[in-house]
Amino acid sequence: MTLENVAENVAENVAVNGSRRSPQEIADVLRQRIRAGDLKAGDRLPTQAELADEFGVERGAVRQALRELQLDGLLTNVSKGSPPRIAEPPAPGHDEPQPTMVGLAPRLTEAFSAPHVRIDAACLTAESLIPALGEPLRLIHAGVIHPQKIDVRILLPSRRINLAFPVPVEGRGDDDPVHQRWLAMRNAQGHVLRHNLQTLRSHGIDVDITFRALPFTPPVKLYLLNGTEALMAYYMVERRAENTDTGPLDMYDVLGTESLLFSFESSAGPRDGAFVEESQKWFNALWETITTDLTLS
């Protein structure tokens, strides 16, 4: 978009009666220009000063709008000292499922841009959640995003049940080292997850994280983000050995970080919307009925 185009839009974009555009409204206008092709991949945006003049706002509001577009993947080179460029469109097949370790992080980053963040998860451990939360937590500590409230609910298997996996290949004995290994991981990762989220309270954010114990081994991992998106991955069981201080453990186990993550969004259509709604109902029913309080010890 040329400076002439910007000038033509000034009258359109400065609100009447002295009111000014919010960062969200600025982002929506720029997003629409990108989608309409007025701004194309590789084009530079006007400077922050020019955008501030166009929309009749301070530069801080423009910076917030640009950060939102960056989180959406629409801008590159934000905060590099020169106006950002419009990002190239994703390559064909970008919606294909990715390994959990790869696919979960950007979805959580987007979810954490909401004022009230609600994350529900049912999984075997918190192994995938901890690294995936790294980027949204970094953005909060850096002051880029600032949700007002964060509610996280985690369903993990109870320590008292016989897990379907991981289990020793030769069967369980009186002392099951495979179960003890899983339990130590579950508890340690849960503590790390809780600590990492609770550090956000220093920014004035209301944070609540709660764990409950499932009476069964979940065959899939499920993440529900802000009630609008469901991410699901199958646990693929395989035989593998792991060396420990007491010798090798031969077990049937899963590598949850490598399982393919399938995304369903309410905005994608009736079928996806129904999946998200039913998944949330399923999670809520478990939370309120057959699960029990979980103590990480």
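Residues numbered from 1 in each chain as written. Predicted model: local features only at pLDDT ≥ 70, side-chain atom pairs only at ≥ 80, totals over all residues. Heavy atoms only, no water.

K.L.:
Kindly report on the overall build of the chain, identifying the contributing residues and their values.
P.N.:
For the chain, the helix and strand inventory stands at nine helices and 13 strands. In the chain, once contacts between residues fewer than 6 apart in sequence are set aside, the share between residues at least 24 apart is 73%. Looking at the chain as shown, the accessible area adds up to about 15,500 Å², and 50% of this sits on carbon and sulfur atoms. (Helix = DSSP H or I, 4+ residues; strand = E, 2+ residues; numbered from the N terminus. Contact = heavy atoms within 4.5 Å. Areas by Shrake-Rupley, 256 points an atom, 1.4 Å probe, with all protein chains shown as cover.)

K.L.:
Go over the sheet that holds strand 4 (residues 116-122) with me, naming the residues and quoting the values.
P.N.:
Taken together, eight strands build an open sheet; the order of strands is 3-12-9-8-4-5-7-13 and the sheet is mixed. This sheet does not close on itself; its edge strands, each paired only once, are strand 3 (98-99) and strand 13 (292-293). Note: strand 9 (residues 229-234) against strand 12 (residues 260-265), four bridges, orientation antiparallel. By the bridge assignment, Leu 231 is partnered in strand 12 with Ser 263. Lying over the sheet, helix 8 (residues 177-198) contacts strand 5 (149-157) and strand 7 (206-214), oriented at roughly 165 degrees with respect to strand 7. (Pairing = 2+ DSSP bridges. Axes fitted to C-alpha atoms, helices over the stretch in contact; angles between N-to-C directions.)

K.L.:
Describe the side chain of Arg 181, naming the residues involved and giving the relevant values.
P.N.:
Relative to the helices and strands, Arg 181 resides in helix 8. The exposure class assigned to Arg 181 is buried, which follows from its relative accessible area of 16%. (Buried < 20%, exposed > 50% of the residue type's maximum accessible area, 1.4 Å probe, protein only.)

K.L.:
Tell me what's going on with the packing of helix 2 (residues 23-36) against helix 3 (residues 48-55), and back it up with residues and numbers.
P.N.:
The geometry of helix 2 relative to helix 3 is characterised by a closest axis approach of 12 Å and an angle of 105 degrees between their N-to-C directions. When the axes of helix 2 and helix 3 are compared, the pair comes out roughly perpendicular. Facing Ile 26, Val 29, Leu 30 and Arg 33 of helix 2, the residues of helix 3 in contact are Leu 51, Glu 54 and Phe 55. Of the residues that constitute the contact of helix 2 with helix 3, the class distribution is five nonpolar, no polar and two charged. (Parallel < 35°, antiparallel > 145°, perpendicular 65-115°, else oblique. Nonpolar A, V, L, I, M, F, W, Y, C, P; charged D, E, K, R; others polar.)

K.L.:
Please set out the environment of His 141 residue by residue, giving values where relevant.
P.N.:
Among the structural elements, His 141 can be located in helix 7 (residues 134-141). Accessibility expressed as a relative area gives 39% for His 141, which makes it partly exposed. A polar contact is formed between the side chain of His 141 and the side chain of His 203, at a distance of 2.7 Å. (Polar contact = N/O pair within 3.5 Å; in protein donor to acceptor, adjacent residues only side chain to side chain.)

K.L.:
Which residues make up the nonpolar core, and what values do they have?
P.N.:
Phe 112, Ile 150, Leu 193 and Leu 197 are the most contacted members of the largest nonpolar core, which totals 44 residues. Leu 193 has contacts with Ala 126, Leu 129, Ile 130, Leu 133, Ile 154, Ile 209 and Phe 211, leaving out every residue within four places of it along the chain. Of all hydrophobic cores here, the second largest spans 18 residues; its members include Leu 30, Ala 65, Leu 69 and Ile 86. (Core = buried A, V, L, I, M, F, W, Y, C linked by side-chain atoms within 4.5 Å.)

K.L.:
Describe in detail a nonpolar patch on the surface, supporting the description with residues and values.
P.N.:
Taken together, the side chains of Tyr 234, Met 236, Leu 260 and Phe 262 define a hydrophobic patch exposed on the protein surface, amounting to about 400 Å² of accessible area. When you line up the elements, Leu 260 lands in strand 12. A relative accessible area of 41% places Leu 260 in the partly exposed class. (Patch = residues over 30% accessible without salt bridge, like charges linked within 9 Å, V, L, I, M, F, W, Y side chains within 5 Å. Salt bridge = Lys/Arg side-chain N within 4 Å of Asp/Glu carboxyl O.)

K.L.:
Explain the pattern of salt bridges to me, using residue names and the numbers behind them.
P.N.:
A full pass over the atoms with the stated rule returns 19 salt bridges. Across the salt bridge formed by Glu 68 and Arg 31, the nearest N and O atoms sit 3.1 Å from each other. Of this pair, Glu 68 sits in helix 4 (residues 59-71) while Arg 31 sits in helix 2; the two residues are 37 residues apart in sequence, bridging distant segments of the chain. Of the residues examined, Glu 68 reaches a relative accessible area of 21% and is grouped as partly exposed. The residue Lys 281 makes a salt bridge to Glu 277 at a minimum N-O spacing of 3.5 Å.

K.L.:
Which residues make up helix 4, and what values do they have?
P.N.:
With 13 residues, helix 4 should reach 18 Å at 1.5 Å per residue; the first-to-last C-alpha distance of 18 Å fits that figure. Looking only at helix 4, the buried set comprises Ala 61, Val 62, Ala 65, Leu 66 and Leu 69. With its buried residues spanning 135 degrees around the axis, helix 4 presents them on a single face. On its buried face, helix 4 sits against helix 2, helix 3 and strand 1 (75-76). Count one or two residues on from helix 4 and you reach Gly 73, which has phi positive near 80 degrees. (Expected span 1.5 Å × (residues − 1). Arc of directions from axis to C-beta.)

K.L.:
So what about the packing of aromatic side chains? Which residues, and what values?
P.N.:
If you walk through the whole model with that rule in mind, you get three aromatic pairs. Judged by centre distance (5.9 Å) and plane angle (20 degrees), the rings of Phe 283 and Trp 287 are stacked. Pair noted here: Phe 283 and Trp 287 are both in helix 9 (residues 270-288), with a separation of four residues, about one helical turn. Like Trp 287, Phe 283 is buried. In this arrangement the basic side chain of Arg 153 is found over the ring face of Trp 287, its NZ or CZ atom lying 5.1 Å from the centre. Across the ring face of Trp 287, the terminal group of Arg 212 is positioned such that the distance to the ring centre comes to 5.9 Å. (Phe/Tyr/Trp six-rings, centres within 6.5 Å; stacked < 30°, edge-to-face > 60°. Lys NZ or Arg CZ within 6 Å of the ring centre and 35° of its normal.)

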